[in-house]
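Understanding the architecture of this molecule
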Amino acid sequence: MNVTPGLSRRLLLAGGAGALAALSACGRSAKSGSPSPTPGNDPSTLEGAVAGSWRSQSDRKEDGDRHPVQTLEFLGLKPGMTVVEIWPGAGWYTDILAPYLAATKGKLYAANLETPNPDDQAGDAVVAAYKKQFGEKKDLYGEVAFTAFGPHSGPLAPPGTTDLVFMHNVNNWMAAGLSEKAFHDAFVALKPGGALGVVQARAGPGGVQDAVAASGYVQQDFVKQLANEAGFRFDGASEVNANPKDTRNYPFGAATLPPTRRSSPMGKAPNLLFDHKKYDAIGEPDRMTLRFVKP
């Protein structure tokens, strides 16, 4: 795989706006007052967890673009598994994974940004809100284990104990120079035969991969290369999150599209006159959905 030479890697964690954007792109603000499971509100099946009334209306509206049931089934999620989610953001997927795993006697490790980070108070605030949301409602979410992933982080989970590692931030890790570490740390966390699931905005085939993925799009073959170099075996791809309407030609890259809907360059104030209509009509970015296995 060719990578554009001469590009210095940007450390995403050095800027609060950058870290916050990375988090908000895959999450939402924390909620309060989430209900406990009831007989008619049962997270012990994946369909039940996705339908759970504790999920916000804004999250539910994105199910049509993100297909959480089909995605997690393809990646191999089963009752009672031990799962790691890396950089869960504000918890879009955690709101499904944590109740499901708690109800089926499984375990979730949430490897969020390293904190505290004096240069990224916004990112620290998102992580604090996440821990409050998913740490206090144990009757619904169970005992979520909070770990971290970043330049200086240790294991995502005890080595060799995990059935599934789920990642959806490869472009951010490329920008931070952390992509190789992410795949390596996932490999270490997994049991032999365990799976790595990757969902990522997908660049068009061919061409040269930008080393820092500034557009937010990553070539599918490049992700396969990262996984292969870490020791994984490719096990299959799904088109469940494909979006043929995505042209990948937008003023602010993939972040122009929902759910981020960026209207100005990163670090600048939003452009209140920016017309989102044609971008909203496209929907969320075209995404690869890949499964790898640790031999």
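Residues numbered from 1 in each chain as written. Predicted model: local features only at pLDDT ≥ 70, side-chain atom pairs only at ≥ 80, totals over all residues. Heavy atoms only, no water.

The next subject is the overall build of the chain. Summing up its helical and strand segments, the chain has twelve helices and seven strands in all. Evaluated residue by residue, the chain yields a buried proportion of 55% over its 295 residues. (Helix = DSSP H or I, 4+ residues; strand = E, 2+ residues; numbered from the N terminus. Buried < 20%, exposed > 50% of the residue type's maximum accessible area, 1.4 Å probe, protein only.)

Let's shift gears to the packing of helix 10 (residues 179-189) against helix 11 (residues 220-230). In the contact formed by helix 10 and helix 11, the axes pass within 9 Å of each other and the chain directions differ by 50 degrees. The angle between the axes of helix 10 and helix 11 places the two elements in the oblique class. For helix 10 against helix 11, the interelement crossing comes out right-handed. Side by side, helix 10 and helix 11 meet where S179, E180, F183, H184 and F187 of the first sit next to V223, L226, A227 and A230 of the second. Taken together, the residues of the contact of helix 10 with helix 11 break down into six nonpolar, two polar and one charged. (Axes fitted to C-alpha atoms, helices over the stretch in contact; angles between N-to-C directions. Parallel < 35°, antiparallel > 145°, perpendicular 65-115°, else oblique. Left-handed = near helix turned anticlockwise from the far one by under 90°. Contact = heavy atoms within 4.5 Å. Nonpolar A, V, L, I, M, F, W, Y, C, P; charged D, E, K, R; others polar.)

Counting across every chain of the model gives 13 aromatic pairs. When the centroid spacing of 5.9 Å and the interplanar angle of 90 degrees are considered together, the rings of Y250 and Y279 count as edge-to-face. Taken together, the residues span a long stretch of sequence, with Y250 in the loop between strand 6 (233-238) and helix 12 (277-282) and Y279 in helix 12 at a distance of 29 residues. For the pair formed by Y250 and Y279, the shared burial category is buried. Members of the aromatic cluster, joined through ring pairs, are Y130, F134, Y141 and F146. In this structure, R66 packs its charged tip against the face of W92, placed 4.6 Å from the ring centre. Between K224 and the ring centre of F234, over which it is positioned, the NZ or CZ distance is 4.2 Å. (Phe/Tyr/Trp six-rings, centres within 6.5 Å; stacked < 30°, edge-to-face > 60°. Lys NZ or Arg CZ within 6 Å of the ring centre and 35° of its normal.)

Nonpolar side chains tend to gather and get buried jointly when the protein is soluble and globular. Within the largest apolar cluster, 36 residues are counted, with the highest numbers of intra-cluster contacts made by I86, M167, F183 and L196. Grouped together as the second largest cluster of nonpolar side chains are 28 residues, V50, A98, Y100 and F166 included. (Core = buried A, V, L, I, M, F, W, Y, C linked by side-chain atoms within 4.5 Å.)

In this section: the confidence of the model for the chain. Per-residue confidence for the chain gives a mean pLDDT of 90, with 86% of residues at or over 70. Between residues 1-22, whose pLDDT stays under 50, and residues either more than four places distant or in other chains, the model counts 61 contacts. Below a pLDDT of 50 lies the segment residues 29-33, which in the model reaches twelve contacts outside its immediate sequence neighbourhood of four places, other chains included. (pLDDT = per-residue confidence, 0-100.)

Backbone hydrogen bonds hold the strands of a sheet together, and the pairing may be parallel or antiparallel. In spatial order, the strands read 3-2-1-4-5-7-6; together these seven strands make up an open sheet with mixed pairing. In this open sheet, the two strands that pair with only one neighbour each are strand 3 (145-149) and strand 6. In this sheet, adjacent strand axes meet at a mean angle of 20 degrees when their direction is disregarded. Sheet topology places strand 6 next to strand 7 (residues 287-293); five bridges connect them, and they run antiparallel. When the bridges of strand 7 are listed, F234 appears paired with F292. Sheet strands in contact with helix 10 are strand 1 (82-86), strand 3, strand 4 (162-167) and strand 5 (190-201), and its direction is about 150 degrees off that of strand 5. (Pairing = 2+ DSSP bridges.)

Moving on, we come to the side chain of N171. Locating N171 in the fold gives a position in helix 9 (residues 170-176). Residue classification places N171 among the buried positions, given a relative accessible area of 16%. Residue contacts for N171: discarding those within four places in its chain leaves Q200, V212, A213, G216 and V218.

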